[in-house]
Amino acid sequence: MNYQDILDFWFSAETQPHWFAKSDEFDAIIEKNFKNVHLQATQSELWTWRQHASGRLAEIIVLDQFSRNLYRHSAQAFAHDAMALSLAQEAVQQGLDQQLPAEQRAFLYLPYMHSESKLIQVQSLALFEHLANPINLDFAQQHKVIIDRFGRYPHRNSVLNRPSTATEIEFLSQPHSSF
């Protein structure tokens, strides 16, 4: 499998409706077709992809998005967020993000949004502001508000075995409190 296979799948008209939806069927498709490449990514075996903006994006999608599909409702869903963020930071620092269309750049920037660091959330907001997509920007703002308030994503607490505070529990009872 090469990085273009990942991008062709992820940005296809058939896949787009599943991007941010929870679906056992779609998760099974990811597992069947991409679990091996995910394992390769987690072991840094896809390093040759990184010399191209598109290849780096594909590796980030595998680490950031496919992890969430493969390991939904478990700590492993977030286990490779730091690696995806590091790859995204390098891509931005090298200007590789500017070689991608805006829709693809949004996925390169998602590891920033997924970070539980207040500093990284500031960077996330700046990146999504430059994308000029109001939907992506709104989600970046929502994520930043949660991190600014709690210093973490409370909806991850149970799978990460973190105790929730009373304020977090109350927050989680509200609509749209988790992603």
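Above this text you will find the structure in question.
Each value, and the rule that gives it
- Residues numbered from 1 in each chain as written.
- Predicted model: local features only at pLDDT ≥ 70, side-chain atom pairs only at ≥ 80, totals over all residues.
- Heavy atoms only, no water.
- Helix = DSSP H or I, 4+ residues; strand = E, 2+ residues; numbered from the N terminus.
- Expected span 1.5 Å × (residues − 1).
- Buried < 20%, exposed > 50% of the residue type's maximum accessible area, 1.4 Å probe, protein only.
- Contact = heavy atoms within 4.5 Å.
- Polar contact = N/O pair within 3.5 Å; in protein donor to acceptor, adjacent residues only side chain to side chain.
- Core = buried A, V, L, I, M, F, W, Y, C linked by side-chain atoms within 4.5 Å.
- Phe/Tyr/Trp six-rings, centres within 6.5 Å; stacked < 30°, edge-to-face > 60°.
- Patch = residues over 30% accessible without salt bridge, like charges linked within 9 Å, V, L, I, M, F, W, Y side chains within 5 Å.
- Areas by Shrake-Rupley, 256 points an atom, 1.4 Å probe, with all protein chains shown as cover.
- Salt bridge = Lys/Arg side-chain N within 4 Å of Asp/Glu carboxyl O.
- Axes fitted to C-alpha atoms, helices over the stretch in contact; angles between N-to-C directions.
- Parallel < 35°, antiparallel > 145°, perpendicular 65-115°, else oblique.
- Left-handed = near helix turned anticlockwise from the far one by under 90°.
- Nonpolar A, V, L, I, M, F, W, Y, C, P; charged D, E, K, R; others polar.

Engineer: Is there a simple way to think about helix 7 (residues 134-150) in this case?
Structural biologist: Every α-helix carries 3.6 residues per turn, so stepping three or four residues along brings you back to the same face. For helix 7, with 17 residues, the first-to-last C-alpha span of 24 Å sits near the 24 Å given by 1.5 Å per residue. Those residues of helix 7 not exposed but buried are Asn-136, Leu-137, Ala-140, His-143, Lys-144, Ile-146, Ile-147 and Phe-150. Considering only its buried residues, helix 7 is in contact with helix 5 (102-114), helix 6 (118-131) and helix 8 (166-172). For helix 7, the side-chain oxygen to backbone nitrogen distance between the N-cap and Ile-135 is 2.9 Å, and the N-cap itself is Asn-133. Looking one or two places after helix 7, you find Gly-151, whose phi comes out positive at around 75°.

Engineer: Before we go on, may I ask you to explain the nonpolar core in this structure?
Structural biologist: Looking at soluble globular proteins, one finds that nonpolar side chains tend to be buried together. Ranked by internal contacts, the top residues of the largest apolar core, which has 46 residues, are Ile-6, Trp-10, Ile-61, Phe-66 and Phe-128. Those elements that provide at least two residues to this core are helix 1 (3-10), helix 2 (24-42), helix 3 (53-70), helix 4 (81-93), helix 5, helix 6 and helix 7. Looking at this core, the element that brings in the most residues is helix 3, giving 9 residues. With sequence-adjacent residues up to four places away left out, Phe-66 is seen in contact with Ile-6, Phe-9, Trp-10, Ile-30, Phe-34, His-38 and Ile-61. Formed by 5 residues, the second largest nonpolar core is a distinct cluster that contains Ile-146, Ile-147, Tyr-153 and Phe-171.

Engineer: Whenever I open this one, the packing of aromatic side chains confuses me. Can you help?
Structural biologist: Each pair of aromatic rings is reported with the distance of its centres and the angle of its planes. All told, the structure shown has 16 aromatic pairs when counted by the stated rule. Between Phe-34 and Phe-66, the aromatic rings sit 4.9 Å apart at their centres with planes inclined by 40°, giving tilted as the arrangement. You can see Phe-34 sitting in helix 2 and its partner Phe-66 sitting in helix 3, a full 32 residues away along the chain. No difference in accessibility class separates Phe-34 from Phe-66, as the two residues are buried. Among the aromatic side chains, those forming a connected cluster through ring pairs are Phe-9, Trp-10, Phe-11, Trp-19, Phe-20, Phe-26, Phe-34, Phe-66 and Phe-107.

Engineer: Even after reading the chapter, I still don't get the side chain of His-143, so can you show me in this structure?
Structural biologist: Looking at the secondary structure, you find His-143 in helix 7. Setting aside anything within four residues of it in sequence, one finds His-143 in contact with Met-113, Gln-121, Tyr-153 and Phe-179.

Engineer: Looking at this structure, how should I read a nonpolar patch on the surface?
Structural biologist: A contiguous nonpolar surface patch, about 280 Å² in accessible area, is contributed by Ile-135, Phe-139 and Phe-179. Its place among the elements puts Phe-139 in helix 7.

Engineer: Please explain the packing of helix 3 against helix 4 as it appears in this structure.
Structural biologist: How two helices sit against one another is set out by the angle between their axes and by the gap between those axes. In the contact formed by helix 3 and helix 4, the axes pass within 9 Å of each other and the chain directions differ by 155°. Classified by the angle between their axes, helix 3 and helix 4 sit roughly antiparallel to one another. The two elements helix 3 and helix 4 cross, and the hand of that crossing is left-handed. In this structure, helix 3 contributes Arg-56, Glu-59, Ile-60, Leu-63, Asp-64 and Arg-68 to the contact, and helix 4 contributes Asp-81, Met-83, Ala-84, Leu-87, Ala-88, Glu-90 and Ala-91. Residues of the contact of helix 3 with helix 4, tallied by class, amount to 7 nonpolar, no polar and 6 charged.

Engineer: Help me understand the environment of Gln-76 in this model?
Structural biologist: Checked against the element boundaries, Gln-76 lands in the loop between helix 3 and helix 4. On the accessibility criterion, Gln-76 (44% relative accessible area) is partly exposed. Distance from Gln-76 to Pro-111, taken between C-alpha atoms, is 15 Å for residues 35 residues apart in sequence. Ignoring any residue separated from it by four or fewer positions in sequence, one finds Gln-76 in contact with Ser-67 and Tyr-71.

Without other data, these values stay purely geometric and don't point to any function.
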